[in-house]
Structure formats: structure tokens, C-alpha cells
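Coordinates in review
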Amino acid sequence: MNSLEYTILWRRLDCPGHDSCCLWKSGDGWQLSGTAIFLFEQQPCLLSYEVNTDSNWETRTANISGYIGKSIIALTITRTPNNRWSINDKELQNAADCIDLDLGFTPATNLIAIRRLALAVGARSPAPAAWLDFPDFMLKRLEQHYHRLSHDSYKYTSPDAGYANVLEVDDYGAITRYPQLWAQEI
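The rules behind the values
Residues numbered from 1 in each chain as written. Predicted model: local features only at pLDDT ≥ 70, side-chain atom pairs only at ≥ 80, totals over all residues. Heavy atoms only, no water. Pairing = 2+ DSSP bridges. Helix = DSSP H or I, 4+ residues; strand = E, 2+ residues; numbered from the N terminus. Axes fitted to C-alpha atoms, helices over the stretch in contact; angles between N-to-C directions. Salt bridge = Lys/Arg side-chain N within 4 Å of Asp/Glu carboxyl O. Buried < 20%, exposed > 50% of the residue type's maximum accessible area, 1.4 Å probe, protein only.

The name an unreviewed UniProt entry assigns to the chain is Glycolipid-binding domain-containing protein, from the organism Leptolyngbya boryana CZ1.

Spatial strand order, β9-β11-β12: three strands in an open sheet with mixed pairing. Because the sheet does not close on itself, it has two edges, and the strands there are β9 (100–103) and β12 (139–142). When the angles between neighbouring strand axes are averaged without regard to direction, this sheet yields 35°. Here four bridges tie β9 to strand β11 (residues 129–132), and the two strands are oriented parallel to one another. When the bridges of β11 are listed, Leu101 appears paired with Ala130.

Now for the pattern of salt bridges. Per the counting criterion, the structure on display carries nine salt bridges. A salt bridge links Arg116 to Asp100; the nearest nitrogen and oxygen atoms lie 2.8 Å apart. In this pair, Arg116 sits in helix α1 (residues 108–117) while Asp100 sits in strand β9, placing the two residues 16 residues apart along the sequence. On the accessibility criterion, Arg116 (22% relative accessible area) is partly exposed. Judged by relative accessible area, which is 3%, Asp100 ranks as buried. For Asp136, the salt bridge goes to Lys140, with nearest N and O atoms at 3.3 Å. Assessed through its relative accessible area of 27%, Lys140 is described here as partly exposed. Several salt bridges converge on common partners, so that one network encompasses Asp133, Asp136 and Lys140.

Right, here's the structure in full:
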């Protein structure tokens, strides 16, 4: 039986909601699993996710299930051997050559990019991601940039999403404060 490496609980700042996830070593990689529960346009949402990476923190697969109001969500996302992405076995071109997957409804997947990049203080890197946009659940290329300012902070910019701010992280690389969106509770 695997033991949990890390557990996290976030509170949404832009609407009522929480997200709890856990991380553990799984075979030759990592598994990040969690559930986000929040209110969206006066509808209850519950989205469970599982993201699997290799030992270098490169995303392999993800599963998302749950609901938004009365709409059922069931997605299987896979990064193909030729570095393309598919949703429910339909290959997409939009996010070709992206290594990371960013789930637009949780801060959990930022941990994967931060761990994969392993930036020294002062270093910066682009990190384009296959972004599962919320609420349309379309996979799009999302330009992202991380600049490590200190042991526990990154200047994060995502021009496509119109977002730029300083993200605070803990020793594990998990977001503790995502201004205007999320704050880690424990």
C-alpha cells in the first residue's frame, strides 16, 4: 500500500469553495489526486481529478470526473508519445509540444510545473501548458512563465489568461497563496 507524500487543503477566494488534494509516489512517477468543490454561476460543482507524471514530473495522464449543476463531467486526458494531447481518445492539436497539464479549476497542477522546473532563486523559465479551460473543458495552449523570486515565491505570468502576480509556495512547491483565487488552509 502506498503512503501519502503530501496533503493540501485550499480555500477559494473568488467564490465559495475548497480543494483538497494529495500527492504520492506511484511506481516510476507521481500521482496527484484531489477534489474541488465550489459554486459556479449559482450551481454546485464537484470535480475530482487524478494527474499522473513520470519521475521527472512530466504529465502522462489525467482523469477528471464530477458535475457542474446537472451536467456530468468525465474526461480522460493523455499526452501521446509524439507530445500531443488527447481528450477521451480524440487527439488535439491546440496544445502540441506542451509538457505540463494545467487544470483550470484547481491550483494543484502548478505544483507539478514548479517541481518539474526546479528553478534556482533568480532563475526564470517559460512553461507553456496544455490548459483545461474551465468551464468549457476545452484543451488549449496556455503560455505561462515562472520567475523564482525567493525560496517561497514566484512571479507568475499567464498573458493568455490575463493574469500576473506573485505566487507563494511552501517547501514542497505547493501554492500557499494564489492572489485573488486560492489560499492554502493547511
